[in-house]
Amino acid sequence: MILSTTADRAESLVSITTNRRLQAALRELHVFLREMIAKRRTGHGEQDLLSILMETKHEETGDPMSDVEVMEEVLGMIIGGHETSSSALTWIWYELHQNPAIQKQLFEEIDSVIGGNAITLADMPRLRYTRMVIEETLRLHPHFWFENRNVASDVELGWGAIAQGGGGCV
Ligand code: HEM
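Predicted model, so just to flag it, every value in this text is computed and none were measured.

About the criteria used
Residues numbered from 1 in each chain as written. Predicted model: local features only at pLDDT ≥ 70, side-chain atom pairs only at ≥ 80, totals over all residues. Helix = DSSP H or I, 4+ residues; strand = E, 2+ residues; numbered from the N terminus. Rg over C-alpha atoms; globule rule 2.2 N^0.38 Å. Buried ≥ 20, exposed ≤ 12 C-beta atoms within 10 Å, placed from the backbone. Contact = placed C-beta atoms within 7 Å. Expected span 1.5 Å × (residues − 1). Bend = angle between axes of the 7 residues up to and from the residue. Axes fitted to C-alpha atoms, helices over the stretch in contact; angles between N-to-C directions. Parallel < 35°, antiparallel > 145°, perpendicular 65-115°, else oblique. Near = placed C-beta within 6 Å. Nonpolar A, V, L, I, M, F, W, Y, C, P; charged D, E, K, R; others polar. pLDDT = per-residue confidence, 0-100.

K.L.:
For this particular structure, what's the right way to read the overall build of the chain?
P.N.:
Looking only at helices and strands, the chain has 6 helices and 4 strands in total. The linear arrangement of helices and strands in the chain, starting from the amino end, is α-α-α-α-α-α-β-β-β-β. Its C-alpha atoms give the chain a radius of gyration of 22 Å, clearly above 15 Å, the size a compact globule of 170 residues would have. In terms of overall dimensions, the chain has a C-alpha envelope of 55 × 55 × 45 Å along the principal axes. By residue count, 3% of the 170 residues in the chain fall in the buried class. Across the chain, contacts joining residues at least 24 apart in sequence account for 36% of those joining residues at least 6 apart.

K.L.:
Would you explain helix α4 (residues 67-98) in this entry?
P.N.:
The first and last C-alpha atoms of α4 sit 46 Å apart over 32 residues, in line with the 46 Å expected at 1.5 Å per residue. Taking the largest bend as the criterion, α4 deviates by roughly 30 degrees, centred on Gly-81. Of the positions making up α4, those classed as buried are Val-70, Met-71 and Val-74.

K.L.:
For this particular structure, what's the right way to read the packing of α4 against helix α6 (residues 128-140)?
P.N.:
Any two packed helices are characterised by the angle at which their axes cross and by the distance between the axes. α6 packs onto α4 with a crossing angle of 105 degrees between their chain directions and a minimal axis gap of 9 Å. Compared by their axis directions, α4 and α6 come out roughly perpendicular. Of the residues in α6, those touching α4 at Ala-88, Trp-91, Ile-92 and Glu-95 are Val-133, Ile-134, Thr-137 and Leu-138.

K.L.:
Would you take a moment to explain the site of the ligand for this structure?
P.N.:
For the ligand, the full set of nearby residues is Gly-76, Met-77, Gly-80, Gly-81, Thr-84, Ser-85, Ala-88, Leu-138, His-143, Phe-144 and Glu-147. Ranked by residues supplied to the shell around the ligand, first place goes to α4 with 7 residues. Partitioned by chemical class, the residues of the shell around the ligand number 4 nonpolar, 6 polar and 1 charged.

K.L.:
Would you mind going over the environment of Leu-49 with me for this structure?
P.N.:
Positionally, Leu-49 belongs in helix α3 (residues 49-55). A count of 11 C-beta atoms within 10 Å places Leu-49 in the exposed class. In sequence terms Leu-49 and Val-74 are 25 residues apart; their C-alpha atoms lie 8.8 Å from each other.

K.L.:
I'm lost on the confidence of the model for the chain in this one. Help?
P.N.:
Low pLDDT means the predicted coordinates in that region are not meant to be read closely. Confidence along the chain averages 88 in pLDDT terms, with 90% of residues attaining 70 or more. Within the chain, no element has a lower average pLDDT than helix α1 (residues 2-12), which sits at 52, and none a higher one than helix α5 (residues 100-113), at 98.

In structure tokens:
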């Protein structure tokens, strides 16, 4: 459990100011997420990622996620989606500034697809040039240049072998 494990680890460290601040921040986040989920349980709110998580059923048992499980998923989204998105946007603005002709084409596509309306999921497939700009920026400025992977069965590679369950960086 991300929340409790992180909090427990913080508790077990020497109680220096930084750790106390970390514990306080985790508690605050915990309360915020609990309140957000409790509010949704009352039936208010829109269809979004949180409602999808709350409606998701376990594929074998058919049970929905508990509040703690939903909280862990949301925390994963916040942590996983925050720095990655902000860093990607930073590089996108930088590249657009360096390439005004591409910026012009991008803005034209956004104007023609979305115009003055609020963007919706249905617009995404038609934002082809926008997608290309994002993907090219991520290719030029990758956030992650390696991944940890474990192999499901024995694998022979040019330079040697990896036994089932073993892993490495790709
Ligand atoms: C440009 C933006 C992003 C980049 C470059 C990025 C990159 C990655 C990468 C490389 C992984 C590991 C995938 C793997 O091991 O196979 C990952 C996992 C993950 N990302 Fe992102 N991400 C981005 C945005 C987001 C956003 C916006 C969210 C949430 C709203 C998010 C949530 C997650 C989560 C929850 C995982 C773990 C998935 C799992 O359990 O396997 N990411 N991301």
